Amino acid sequence: MIDLGFYTIFWREMLAIRKKFWKVLSGSLVMPLLYLVTFGWGIGRGVRVGQGNYMDFVLPGIIALSAMNSSFNGVSVTLNISKLYYKTIEEILVSPVSPWAITLGRVLAGCVRGMFSACLIVLIGLVLDVNLKFGPGFFSVVLLLSFAFGALGVLAAMLTRSHEDMTNFSNFVILPMAFLSGTFFSPDVLPEPFRSLILIYPLTHGSIALRSLASAQSVPFSALAVLSGYALLLFVLAGLSVKRLEL
Amino acid sequence: MVRLDNLVKQFDDVRAVDGVSFEVRSGEVFGLLGPNGAGKTTTIRMLTTLAAITAGSAEVAGINVSRDPIAVKQNIGLAPQGLNLEIELSAYENLEFHGRLHRMRKRDRETRIRELLEFSELWDKRDVQVQKFSGGMKRRLLIARAIMHRPRVLFLDEPTVGLDPQIRRRVWEMIMALKSEGITILVTTHYIEEADFLCDRVGIMNRGRLVALDTPENLKNQTGRFAVVCSRSNGCNARFFDGREEAVQHASTVEGDVTVRQTNLEDVFIALTGEVIRD
């Protein structure tokens, strides 16, 4: 039986986001704007990638990166604080909502955050008049990417035992992924074995898929398959970690 | 209504709860009294499914806690020691979230929220963010939230810790009102007067074990109704007597300052364990 309790968890997250809308909005904008300025206009000025200019190349990567960051941070930080500091997670754990529904509700809230960030940068892209297309396929991949990183956020929050652990997780897992996943450069320019190694990162496949869709090319099947595989695997691991959580 | 059979909780090298057995009867207020670290909270965490049971078994509302935790959760309410309210949300939204977690219907939710916010004297503050509440207001809201879904068993973990005496009274009145509605209540406390005032029966815990269980009256009677307590400078041990005259007579033989008074639950604790319940 499907536990509809996930909607309650999701509803609470949306209520909290509504109450701090301006904080969420400004928080979602700072990092991508910095990347746009640094890599798009700064370093990227005059750089050409293949046929197009660098801004057309880097924007889908920044969208993938922002969706990842917003979803992962939005889920992991709030959940970690709820577990370690406010202990509000206890109220949910003593309610009859199943661990899977708790996980799903949180991950869906991460999807909203990821999608929201992505939409903001798409808007900036439209204002800058980039030569890119943002169709339903593009947004579906953003959703899938946000889902995977929302699930990773739940998993990280459940496994870490302190705020310091959480920062370390971000430093050792998220930050290298942000820079090495072909966000700012094409994976093809790397020598082996690095080119193959960065294909381990789900964000690499997110960037590849979004870049293909934005330039109206067909998406490599492997990118979608790996991304979907990660989403499913991370969701299962996140659900199990909530189930095993003992306070 | 609640039954523990040789319950054990082992953390790495510490046995926090060490073979505790007791039963809480339907409709009673049952107190677990003991110093901090006695294992009271861990016991409650196992009964409310928040901590896994290492050994032994527990039943709440006739349901085995390890076997069917979801069914147990449908029947219990918990007001934990920490004030784990959603501080970004208003009082009303906190109760609404709780009602939704327990799948209460919209109409029922609305009626119940009003009833409980009036009961806890917070109706006027219903739309205020909880982070602006005082400690006493938060505690009242926490108890209101715990009974929002009409649980059969209510667990209150140190419900008045850190509250002013006057506000503590108010919380006690709330708990007595809930008892009169027939809710079974298991309360932990390290306050002597609280256990004495609220509880039909009290289990005394120390170092993970249950060292005594009876009504407050019987516990005091078994120790002796009257205590001869020495002043700190005097350093002699307290002694207990069944009759006032024997106590006074003994007091007259002790050198230095002594007090003769009625025995309280702390005396019972000291007589049983040789230790003091410290705050």
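Description of the structure in this document.

The rules behind each value
Each chain carries its own residue numbering, running from 1 in the written order of its sequence. Lettering for chains starts from A, numbering for ligands starts from 1, and both go in the order in which the items are written. At least 70 in pLDDT is required for a residue's local features to be given in this predicted model, at least 80 for side-chain atom pairs to be given and counted, and no such filter applies to totals for whole chains, interfaces and linings, which use all residues. Hydrogens and water are ignored here; the side-chain numbers use all heavy atoms of the structure. Among buried residues, the Ala, Val, Leu, Ile, Met, Phe, Trp, Tyr and Cys ones that are joined through side-chain atoms within 4.5 Å form a nonpolar core. Between buried and exposed lies partly exposed: a residue is buried under 20% and exposed over 50% of the maximum accessible area for its type, with that area taken using a 1.4 Å probe on protein chains only. Here, residues are in contact when the closest pair of their heavy atoms is within 4.5 Å. Of the two site types, the cavity is a set of points on a 1 Å grid over the protein atoms alone where a 1.4 Å probe fits but cannot get out, and the pocket is an open set with protein on both sides within 12 Å along at least five of seven lines, each lined by residues with an atom within 4 Å of a point. Grid points are joined across faces, edges and corners, and a volume is the space filled by probe spheres set on the points. Labels follow the DSSP assignment, with helices taken as runs of H or I lasting at least four residues and strands as runs of E lasting at least two, numbered in each case from the N terminus. Each residue gets one label: Ala, Val, Leu, Ile, Met, Phe, Trp, Tyr, Cys and Pro are nonpolar, Asp, Glu, Lys and Arg are charged, and the others, such as Gly, are polar. In this description, strands pair whenever DSSP reports at least two bridges between them. Only C-alpha atoms enter the line fits that serve as axes; for helices the fit covers just the stretch in contact. Angles between N-to-C directions range over 0 to 180 degrees. Should an angle fall under 35 degrees it is called roughly parallel, over 145 degrees roughly antiparallel, and 65 to 115 degrees roughly perpendicular, with every other angle called oblique. Two helices that cross are described as forming a left-handed crossing if the nearer one is turned anticlockwise from the farther one by less than a right angle, and a right-handed crossing if clockwise.

**Observations concerning the nonpolar core**
Within the largest apolar cluster, 100 residues are counted, with the highest numbers of intra-cluster contacts made by Ile63 of chain A together with Val60, Phe155 and Leu186 of chain B. In contact with Leu186 of chain B, not counting residues within four places along its chain, are Val2, Phe22, Val24, Phe30, Leu32, Ile44, Leu47, Leu154, Phe155 and Leu156 of chain B.

**Some thoughts on the layout of surface pockets**
By volume, the largest pocket is sized at about 810 Å³. Around the largest pocket, the lining is made up of 32 residues, and of these Lys20, Gly74, Thr78 and Arg113 of chain A together with Glu88 of chain B lie nearest the centre. Broken down by secondary-structure element, the contributors of at least two residues to the lining of the largest pocket are helix H1 (5–19), helix H2 (21–43), helix H3 (54–84) and helix H5 (99–128) of chain A. Counting residues per element, the lining of the largest pocket draws most heavily on H3 of chain A, which supplies nine residues. Grouping the amino acids of the lining of the largest pocket by side-chain chemistry returns ten nonpolar, 13 polar and nine charged.

**A word on the pairing of strand S9 (residues 201–206) of chain B**
Where a strand is regular, its side chains alternate between the two sheet faces. Residues and elements named next belong to chain B. In terms of burial, S9 is a largely internal element, six of the six residues being buried. The alternating pattern of S9 places Arg201, Gly203 and Met205 and Val202, Ile204 and Asn206 on opposite faces, both of which are buried. Alignment of strand S3 (residues 29–33) against S9, held across four bridges, turns out to be parallel. For Phe30, the partnering residue across the bridge sits in S9 and is Arg201. Note that S9 and strand S10 (residues 209–214) share five bridges and pair antiparallel. Following the sheet pairing, Ile204 is matched in S10 by Ala212. The antiparallel hairpin formed by S9 and S10 contains two residues in its connecting segment, where Arg207 sits at a positive phi of about 50 degrees.

**Digging into the packing of helix H6 (residues 136–159) of chain A against helix H10 (residues 221–244) of chain A**
Residue and element names in this part refer to chain A. Direction vectors running N to C along H6 and H10 enclose 30 degrees, while the axes themselves pass 8 Å from each other. One finds that H6 runs roughly parallel with respect to H10. Here the hand of the crossing between H6 and H10 comes out left-handed. Between H6, through Val141, Leu144, Leu145, Phe147, Ala148, Ala151, Leu152, Val154, Leu155, Met158 and Leu159, and H10, the contact on the second element is made entirely by Leu224, Leu227, Ser228, Ala231, Leu234, Phe235, Leu237, Ala238, Ser241 and Val242. Considering only residue class, the contact of H6 with H10 consists of 19 nonpolar, two polar and no charged.

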